Structures are given as structure tokens and as C-alpha cells.
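# Examining the three-dimensional arrangement
Residues per chain are reported as follows:
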Amino acid sequence: FQAAPAWSYPPFLQHNKPLPSAAPAEQGKLHGRGVSPGLARGRVVVLFSPSELRRVGPGDVLVTRSVDPGWTPVFGVLSALVTEHGGHLSHGAVVAREYGLPAVTGVPGVTQSLHDGDEVVVDGLNGVVIKVGDPTAKSRQQRDP
């Protein structure tokens, strides 16, 4: 019996295997540590302070430097969490697992790489954030000289 990826333990909780090192950067892919398993797709909201939490809507992907208990009130409406700092035992990672929220931490420069409104897929098991291209951008370019 093979458990679904969303139900399996993150790699750091799987016996004494060494953690995988970060994969080389690819176009549209950002790599960090998968700290809460699951897959989610949503609109990015980049925040730098809990005072900005009113900008978060249902299904958004919160992208920030790190989180502390002051950020917890929005975890119930997020589809995923992505942070620049933090690890497997950081507050954000622990609370994300409690909420069943896919989360990736330790993504260098993610608050500069992603912007409000970007569409992303977050793979919290493998520690990958994939920026989804705008399917209408190509057709707009062809129409607009």
C-alpha cells in the first residue's frame, strides 16, 4: 500500500536518511524545504508584516520572509505558505502541518521572485514552488503590436 503524497511524512521526519540538497534552479521553479506536505495552487500575496494580513483572501498563497504567532489568524483561509526563512521546526512549518496546509520554507529571495497576483503551484512534500505562466499572455502579445 502506497500512501498518497499529501499523507506522507516530510523527508526530515523519515528515519535517518540525509535530507536532499536543493535542486538547481529551473525557469519558473523555486526550491526550498518541503515542511508540510500537499499540493496547492493559488494567487500569490507577498506580505512583510502581520499588519498587512487584511490583504489575504481565501485560497491565496502567502509569501513572506518568515512567520510568527501573529500571522496565524490567516492560516485557515490560505491554500499554501512559502517563506524565505525558517525550517522544519519553525512556527510557520508546525502550524502549517496542523492546518494541513502545504508549506515550503527556506526559498532564497522568494519575496523578490514572486509578486502579488502571480499564480503558483506549491509542492509542500518536495519543497518546490512553480510559477504558472499566464495562458492569455501569448494571445495578448499576438493581438497587441
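Report follows, based on the coordinates.

The rules we used
- Residue positions within a chain follow its written sequence, with the count starting from 1.
- In keeping with the predicted nature of the model, local features appear solely for residues at pLDDT of at least 70, side-chain atom pairs appear and are counted solely at 80 or more, and the whole-chain, interface and lining totals rest on all residues.
- Working from all heavy atoms in the structure, the side-chain values ignore hydrogens and water.
- Put simply, DSSP H or I for four residues or longer makes a helix, DSSP E for two residues or longer makes a strand, and each gets a number counted from the N terminus.
- Exposure classes here rest on a 1.4 Å probe applied to the protein chains alone. A residue is buried below 20% of its type maximum, exposed above 50%, and partly exposed in between.
- A contact between two residues is defined here by any heavy atoms of the two lying within 4.5 Å.
- Pairing between two strands is assigned when DSSP locates at least 2 bridges connecting them.
- Whenever a helix is involved, its axis is fitted only over the stretch in contact; in every case the axis is a line through C-alpha atoms, and angles between N-to-C directions fall within 0 to 180 degrees.

With respect to the helices and strands, the residue Glu-98 is situated in helix α1 (residues 91–99). Residue classification places Glu-98 among the exposed positions, given a relative accessible area of 61%. As a C-alpha pair, Glu-98 and Ser-36 span 62 residues in sequence and 9.0 Å in three-dimensional space.

At 3.6 residues per turn, the α-helix brings residues three or four places apart onto the same side. Within α1, burial applies to Gly-92, Ala-93, Val-95 and Ala-96. Contacts from the buried residues of α1 go to β2 (33–36), β5 (80–83) and β6 (103–105). Phi turns positive, to about 70°, at Gly-100, one or two residues after α1.

Let us now look at the sheet that holds strand β1 (residues 29–31). Strand order in the open sheet formed by 8 strands is β1-β8-β7-β3-β4-β5-β6-β2, with mixed pairing between adjacent strands. With one partner strand each, in any of the chains shown, β1 and β2 form the two edges of the open sheet. Direction aside, the axes of adjacent strands within the sheet are offset by 30° on average. Direction of pairing for strand β3 (residues 39–46) relative to strand β4 (residues 61–64): parallel, over a ladder of 3 bridges. Across the sheet, residue Val-45 finds its bridge partner in β4, namely Leu-62. Across the sheet, α1 touches β2, β5 and β6, and the angle it forms with β2 is around 50°.

Limitation: the analysis is restricted to geometry and does not speak to function.
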